[in-house]
Amino acid sequence: MTEKQPEKTLLKQLLEASSVGIHLVVSTFVGLAIGYGLDKLFGTSPYLTVIFLIIGIIAGFRELIRIAKKQEE
């Protein structure tokens, strides 16, 4: 049983590390989609798309930093 415990923690670490790319892509896409939808609604193209795209990128990098700090501990 003691041999499987390090494998579980290693597997858990690998899964958390592999989710970083997914978080970056999803948060960027969600920001882009929200901005695009609001631009279509208000007719302010492309301003809200660019603003929410930047917000999505920032959110993705914040998640990246949070995961990296969690891995340090």
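Our structure is the block above this text.
The present account deals with the structure reproduced in this document. Keep in mind that what you see is a predicted model, and the values were worked out from it rather than measured.

What about the overall build of the protein?
Helices and strands together make up the secondary structure of the protein, namely two helices and zero strands. Every one of the 73 residues in the protein was classed for burial, and the buried ones make up 15%. A sequence separation of at least 24 residues applies to 50% of the contacts in the protein between residues at least 6 apart. As displayed, the protein offers around 6000 Å² of accessible surface, 71% of which is attributable to carbon and sulfur atoms.

Quick notes on the side chain of Asp39
The residue Asp39 is located in helix α1 (residues 4-42) in this model. We note that Asp39 is buried and unpaired, the nearest opposite charge coming from Lys40 at a distance of 8.7 Å. Those residues in contact with Asp39 that sit more than four places away from it in its chain are Thr44, Ser45, Pro46, Tyr47, Leu48 and Thr49.

Observations regarding the pattern of salt bridges
Under the counting rule described, the total for this entry stands at one salt bridge. Put simply, Glu63 and Arg66 hold a salt bridge, and the shortest N to O gap is 2.6 Å. Of the two residues, Glu63 and Arg66 both sit in helix α2 (residues 47-72), three residues apart, roughly one turn of that helix.

Reading guide: rules and limits
The residue count restarts for each chain, going from 1 along the sequence in the order it is written. Totals for whole chains, interfaces and linings use every residue, but because this is a predicted model, local features are given only for residues with pLDDT of at least 70 and side-chain atom pairs only at 80 or more, for both listing and counting. To obtain the side-chain values, all non-hydrogen atoms of the structure were included, while hydrogens and water were left out. Secondary structure elements are taken from DSSP: a helix is a run of H or I of four residues or more, a strand is a run of E of two residues or more, and numbering for both begins at the N terminus. Think of it in three bands: residues with accessible area under 20% of the maximum for their type are buried, residues over 50% are exposed, and the middle band is partly exposed, with areas taken using a 1.4 Å probe on protein chains only. Should any heavy atoms of two residues lie within 4.5 Å, those residues are considered in contact. Only the protein chains shown count as cover for residues, and all accessible areas are computed by the Shrake-Rupley method using a 1.4 Å probe. The convention is simple: Lys and Arg are positive, Asp and Glu are negative, and His and the chain ends are not counted. Salt bridge, as applied in this entry: a Lys or Arg side-chain nitrogen positioned within 4 Å of an Asp or Glu carboxyl oxygen.

Scope: geometric values only; no functional claims are made or implied.
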